[in-house]
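Chain by chain, the residues:
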Amino acid sequence: MEERIHTLRKEVEAWSAGDKAGVEQFRLKYISKKGLIPELFEEMKKMPPEEKKKVGKTLNELKQAAEQKLQAMTEVLESSTSANYDLDLTLPPVPNKVGNQHPLTLTRNRIIEIFERLGFNVADGPEIETDWHNFSALNFPENHPAREMQDTFFIGKNPDVLLRTHTSNVQIRLMTDQKPPLRAIMPGRVYRNEAISARAHCFFHQVEGLYVDRNVGFADLKQTLYHFAKEMYGKDIKIRFRPSFFPFTEPSAEIDISCLICKGSGCNVCKHTGWVEIAGSGMVHPNVLRNCGIDPEEFTGFAFGMGIERVTMLRYQVNDLRLYSENDIRFLKQFHSVI
Ligand code: PHE
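Only a predicted model underlies this, so the values are computations on that prediction, with no experimental measurement involved. Within each chain, residues carry numbers counting from 1 in the order of the written sequence. Local features are withheld for residues below a pLDDT of 70 in this predicted model, meaning they are given only at 70 or higher, and side-chain atom pairs are given and counted only at 80 or more; totals for whole chains, interfaces and linings count all residues. Only hydrogens and water are set aside when side-chain values are computed; all heavy atoms of the structure are taken into account.

**A word on the overall build of the chain**
At step 1: Per the secondary structure count, the chain includes eleven helices and nine strands.
At step 2: For the chain, whose C-alpha radius of gyration is 39 Å, the value lies well above the compact-globule estimate of 20 Å for 339 residues.
At step 3: The dimensions of the chain, computed from C-alpha atoms along their principal axes, are 120 × 50 × 40 Å.
At step 4: The contact criterion used throughout is that any non-hydrogen atoms of two residues lie within 4.5 Å. Considering only contacts in the chain between residues 6 or more positions apart, those separated by 24 or more positions represent 66%.
At step 5: Areas reported as accessible are Shrake-Rupley estimates using a 1.4 Å probe. Residue values count occlusion only from the protein chains shown. When the accessible area of the chain is evaluated, it comes to approximately 19900 Å², of which 52% is carbon and sulfur surface. Strands are runs of DSSP state E lasting at least 2 residues, helices are runs of H or I lasting at least 4, and numbering of each runs from the N terminus. When we talk radius of gyration, it's over C-alpha atoms, and the globule rule is simply 2.2 Å times the number of residues to the 0.38.

Below, the structure written as structure tokens:
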């Protein structure tokens, strides 16, 4: 009897089922009511009590081993059948959604590309800024109404710490930390305390540019921005400079380009003037150079700043600023092929 149990145990352990039929065969042969193991149990009943005790133990172990084996084989079979579906190779494929870059990222990268070719570096600075870097060093006198041009978010109760209202703070950091010649553009996010509408938002993006060296003049500023406009919007674009005011530049000018929508004949976007504003600019004010430890007798510079949303709007004809931050996939997915 012991002998037979031992051989069966070996058989059970060595059994390899392969498929469903093999597993069923195993069950019928060893475990089912008429199987070999129950048969041995029947035989055992007829034995004298002391032998019964001994055989009973090994026989029970065999039974357990067979049941475990059955369970293990069934599990392996179930996990592999899930991949056993009917494969229809004629079905159209499910498109793989890989995502795409945000339109503002596309525009920012294009702007960087254009200026990098002119030898401009890309500089970065903090979004939480001190009053000095955002206003005072840029020649905004304390309590001067010019500060009202940019409605400011302050951090807590400290009037000295704020969310930057423009990327001009990076100009100050750059001119303080490095010596001319300096040639850099500064893309980044800026914040203003404005009610959200189609034309204004409490945060948006700017790219500012700065060029400081000996003998930098207004003509350099004009040509640089004219080159930028042609690269960005095509050779037919027209550009004009309008006198303006910024505390940190003198003289200052606002830059318009001919309306891309109506090609200058007048429409809603250009408010029937044929022109749309794209940037502020000017020659860096001597006070600003001095505040950063640069001698205005020796060095001059120009600076300009533009809104990335604005440039993007003219590029893709998007007429509502809010769309850029709503994350509506129907809006965002339109831009993946336009670089
Ligand atoms: N910092 C200005 C703004 O945000 C833009 C600007 C930059 C104007 C540089 C002139 C020179 O409005």
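**Examining the nonpolar core**
At step 1: For the purposes of this section, nonpolar cores are sets of buried Ala, Val, Leu, Ile, Met, Phe, Trp, Tyr and Cys residues that join through side-chain atoms within 4.5 Å. Only protein chains enter the area calculation, which uses a 1.4 Å probe; residues under 20% of their type maximum are buried, those over 50% are exposed, and those in between are partly exposed. Ranked by size, the top nonpolar core spans 42 residues in total, and within it F115, F228, Y233, I257, F302, F304 and M306 carry the most contacts.
At step 2: Aside from chain neighbours lying at most four places away, what touches Y233 is I257, L260, V311, L314 and R315.
At step 3: Core analysis: the next-biggest nonpolar cluster, separate from the first, contains 25 residues, V170, F248, V288 and A303 among them.

**Some details on the packing of helix α5 (residues 103–117) against helix α8 (residues 218–233)**
At step 1: Here an angle of 0 to 180 degrees is reported between the N-to-C directions of two axes, which are lines fitted to C-alpha atoms, with helices fitted over the stretch in contact. It is at 10 Å that the axes of α5 and α8 come closest, and there the two elements cross at 130 degrees. Between α5 and α8, the angle is such that the two are oblique. Both α5 and α8 take part in a crossing whose hand is right-handed. Each of T107, R110, I111, I114 and F115 in α5 lies in contact with α8, whose residues at this interface are T224, H227, F228, E231 and M232.
At step 2: By the convention adopted, Pro, Cys, Tyr, Trp, Phe, Met, Ile, Leu, Val and Ala count as nonpolar, Lys, Arg, Asp and Glu as charged, and the other residues, Gly among them, as polar. Split into classes, the residues belonging to the contact of α5 with α8 amount to five nonpolar, three polar and two charged. Comment on the angle field: the value is read as roughly parallel under 35 degrees, roughly antiparallel over 145, roughly perpendicular from 65 to 115, and oblique elsewhere. The crossing is said to be left-handed when, going from far helix to near helix, the turn is anticlockwise and less than a right angle, and right-handed when the turn is clockwise.

**Overview of the sheet that holds strand β9 (residues 300–307)**
At step 1: Strands sit in the order β1-β4-β5-β9-β8-β7-β6 across an open sheet of seven strands; the sheet is mixed. The open sheet terminates on both sides in strands that have one partner only, identified here as β1 (121–122) and β6 (239–246).
At step 2: Set on the sheet, α5 makes contact with β1, β4 (182–191), β5 (203–213) and β9; between it and β4 the angle comes to about 165 degrees. Paired strands, as defined in this entry, are two strands with at least two bridges between them according to DSSP.

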